[in-house]
Amino acid sequence: MELTIDGAACDSGTGTPAVPGYAAAKLADIEAAREGRSLELTLPATSRNAALLGFVRDPHTATRFNASPHTAELTAEGARLLIGTVRLLESSEAGYRIEIREGGAQWAKNAALRTFDSLGVDYRANLLPSTIFASWTDQSPVKFFPIRRDEYPQQNSSSDLRPAERLLSVDDYHPFLHVATLVETLFTEAGYRIESRFMASDEFQSLYMSGAYPARDTTALAARMGFFARRLAPVTARGNHLGRVYANPDTTASSVGNIVETATPQTPDADGDPIPELCNNGGCFGFDNGRIAFTPTTAVSAGFEFYLKYTTDHRILTRERLKGFDSVYLGTGADMPFTLANRYEDRRDAIAPNYRYTVIVFEHTQGAQYRLTYTRNGVSGTLWSEFAARTAPVATPASGTVSAPVLLVRSGDGWITYAGDWALYDGYIAETGQTTVELRVRTAAELLTASSPRLFNLIYFYGAEEGMSLTLHKECSLRPHFASVPGYGSPITFADVARHRIRQSALLEALQHLFNLRFHTEQATKTVRIEPADDFFGAGAVADWRDRTDFSQPVVLADIAPQVHERRTWRYSEGDGAVARFDAQAGSPFGAWSVRTGSYAAKEGEEVLRNPLFCPTISTAEHYANAPSALVMQVGDRDNAQEQGAGVTPRIVRFAGMHPLPAGERWGYPSGQAEYPLAAFHFAGDDATEGFTLCFEDRDGVRGLHSRYDRQAAQESACQRITLSLRLAPHEFESLFTPGTGMPDIRSVFRLDTGDGEVRATLHAIGSYDPEAASVRCTFTRLPEAQ
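Structure report, in brief. (Residues numbered from 1 in each chain as written. Predicted model: local features only at pLDDT ≥ 70, side-chain atom pairs only at ≥ 80, totals over all residues. Heavy atoms only, no water.)

1. Describing the overall build of the chain
When you go through the chain residue by residue, the secondary structure sums to eleven helices and 55 strands. With the C-alpha coordinates aligned to their principal axes, the bounding extent of the chain is approximately 105 × 75 × 55 Å. Residues classed as buried in the chain amount to 51% of the 787 residues present. Put simply, 75% of the contacts in the chain that link residues at least 6 apart link residues at least 24 apart. Within the structure as shown, the chain displays about 34,100 Å² of accessible surface, and the carbon and sulfur contribution to it stands at 48%. (Helix = DSSP H or I, 4+ residues; strand = E, 2+ residues; numbered from the N terminus. Buried < 20%, exposed > 50% of the residue type's maximum accessible area, 1.4 Å probe, protein only. Contact = heavy atoms within 4.5 Å. Areas by Shrake-Rupley, 256 points an atom, 1.4 Å probe, with all protein chains shown as cover.)

2. As for empty space enclosed by the protein
Evaluated as defined, the whole model comprises seven cavities of 30 Å³ or more. Put simply, the largest cavity is a space of about 80 Å³. Contributing to the lining of the largest cavity are Glu-165, Arg-166, Leu-167, Leu-168, Phe-338, Thr-339, Tyr-624, Ala-625, Asn-626, Gly-668 and Tyr-669. Residue composition of the lining of the largest cavity, by class: six nonpolar, three polar and two charged. (1 Å grid on protein atoms, 1.4 Å probe; cavity = no way out; pocket = protein on both sides within 12 Å on 5 of 7 lines; lining within 4 Å. Points joined across faces, edges and corners; volume = space filled by probe spheres on them. Nonpolar A, V, L, I, M, F, W, Y, C, P; charged D, E, K, R; others polar.)

3. Comments concerning the pairing of strand β48 (residues 652-660)
Bridge count between strand β13 (residues 207-210) and β48: three bridges; the pairing is antiparallel. Each bridged residue has a counterpart across the sheet, and for Met-209 the counterpart in β48 is Ile-652. Where β48 meets strand β49 (residues 675-680), five bridges bridge the pair, whose relative direction is antiparallel. Note that in β49 the partner of Met-658 across the bridge is Pro-677. (Pairing = 2+ DSSP bridges.)

4. A short note on helix α2 (residues 106-113)
All of the buried residues along α2 are Trp-107, Ala-108, Asn-110, Ala-111 and Ala-112. In this fold, the buried residues of α2 make contact with α4 (179-189), α7 (504-515), β39 (517-522) and β40 (527-532).

Take it as geometry only, folks, not as evidence of what the structure does.
Laid out in structure tokens, this is it:
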């Protein structure tokens with residue numbers, strides 16, 4: 001064997017050092033990648049070695065050996081058996097003890113030491129509707145997906161037959177980070193190249209993990225300057241010629257006055273009911289010439305959370321939309337145009353006898369005449385009604401069968417099918433009515449001082465027609481937010497949406513657990529190979545080593561089962577509200593999968609293998625009026641008071657792109673389109689999109705992630721580990737650690753002779769290698785005969 005340090009040959013001592021081997025288990029251990037392989041040996045105290053090691057025993061030497069990096073290379077017959085950094089451990093008159101460390105991959109060191117938000121992902125934006133909308137279709141590493149915070153179902157409004165329509169705002173979207181970009185950045189920053197078929201797959205490229213906004217304890221600030229203000233009574237105003245109503249006490253016409261009225265504790269409302277939560281710490285909420293104002297005692301950065309609930313007159317505009325007060329301006333650039341959904345059901349496909357209906361022609365023009373026909377008792381084209389207005393009442397006969405209404409419009413002396421849009425509603429629905437709306441939104445933080453307070457007199461509602469009324473409910477509230485969470489219009493970078501309090505290695509560990517990944521680092525080429533276990537083992541050249549067995553050493557066969565538990569369960573971290581309720585009803589954790597070891601030699605009991613980072617996510621429909629069929633992720637826990645308004649716990653989902661909505665449905669703010677971004681942990685599938693799941697279990701006919709563990713579990717249950725000695729030349733030992741040469745490597749399937757028959761196996765571990773004896777002790781995992 002030959003040893004060089006920084007390219008210069010050393011004088012070797014007596015004896016041949018044993019080159020360290022390999023353990024397949026370390027490929028699944030991110031922490032183990034920091035360690036690599038190491039070898040200690042003692043060099044004789046010769047003048048050549050003394051010079052190479054910087055005359056370490058000379059007390060007057062100018063530079064110590066360990067003060068700078070050095071590289072050692074151990075070779076035999078031209079084969080490089082070990083290459084790595086070298087450090088001097090001790091020196092004596094007898095010699096120099098050094099350690100050569102190969103591996104200790106820098107990417108693993110970086111991942112273990114660096115915080116998650118320090119990843120250098122190039123991302124800058126402003127938290128605006130346009131940013132959210134564009135993220136669904138662009139190549140941005142940050143996408144904003146809709147979420148629904150866990151809450152109890154809404155009750156119907158007293159002024160409407162339906163629950164209040166909850167308008168979406170920027171607060172109803174949460175940043176999700178492209179997992180492939182995160183992983184690629186992590187390795188690139190450490191100077192490594194990834195080689196992975198799995199990471200290039202559609203499955204991996206569709207993965208997104210929830211981001212996290214900055215969080216800090218603002219309890220002291222809230223105790224010093226926080227407030228919670230409410231209205232005392234409802235107030236009504238009518239829209240001016242611009243269709244606006246102002247929340248400004250200085251405006252006498254078309255104004256509801258101040259948006260809130262008091263923050264004084266124990267104040268009852270106009271009905272005599274006590275208002276909960278009212279507070280005014282430090283007297284910072286007050287009035288400035290009748291206008292409400294927040295005047296901090298010291299300079300502070302604060303945004304404000306508005307909860308707005310109002311009832312607006314409306315006119316049915318189209319089958320999808322109502323005309324009314326559908327937008328709000330909160331001052332300081334926070335302009336939020338929404339749309340009011342038309343939630344009334346079009347009955348054209350299901351008319352019944354003896355029933356009253358209202359027909360509305362949306363694109364009616366003055367002077368147009370209409371004829372409504374239907375199929376009655378099997379006769380099509382039967383006259384139902386004639387009218388010449390945008391809206392008309394119609395009724396079906398008391399008996400017989402009716403179906404297939406058709407609207408005709410007069411054209412010259414005849415009638416033709418109406419080409420515009422129209423609808424048929426239940427008879428109690430008029431062209432005009434009222435809709436109750438609620439909205440919660442947080443504005444961007446701004447620097448405020450005692451001499452520069454925040455006034456709230458620039459607020460107005462708009463989008464209605466002149467004369468339409470708006471009633472502001474007493475539930476409207478206002479409170480400051482001192483946390484640094486971005487609000488409407490805030491500038492954001494990657495670090496602002498990635499403030500998980502974790503190290504970068506936590507992401508790799510979580511992904512390893514989900515997909516049973518293996519990470520192999522080839523230091524010489526700075527290449528990291530990443531594949532699921534089934535794709536990693538067996539990817540190399542098939543190796544026929546039946547003639548390599550050294551039968552002078554024993555061949556040992558042992559079942560794998562004694563090393564594993566009789567039952568093992570793969571699952572996620574504890575879920576939040578919606579998941580907890582699902583688990584309680586189902587009697588088992590959502591997404592979990594268990595397997596029993598078939599051998600009686602297995603360890604007793606159950607081993608639960610939880611994902612170290614991610615929790616599962618339930619998605620449900622029927623939340624947003626515009627698009628009731630849209631599946632939206634549920635986050636938070638409505639029964640946990642401490643969690644209300646808290647951030648989103650780490651979770652992982654797949655993004656399936658823009659998903660079409662059924663006819664008559666449209667996604668609301670900010671797109672208004674007939675599709676929405678489908679991001680989910682589990683999706684059963686439909687006519688437009690194939691089902692997918694991140695559950696370990698199979699669900700809704702979709703195969704779960706347990707498929708990544710099936711072969712491993714079967715081997716552990718029924719197969720053996722075979723330990724034997726093999727005769728390997730130095731270049732063959734070297735090739736095991738350099739995949740891609742065409743020679744057998746640690747990924748290969750090996751054909752072996754055990755003395756009692758031939759088997760196929762994958763490499764599990766390699767002992768220390770003696771190049772002079774050209775022999776090494778190896779352990780293999782036997783493959784079932786069918787594989």
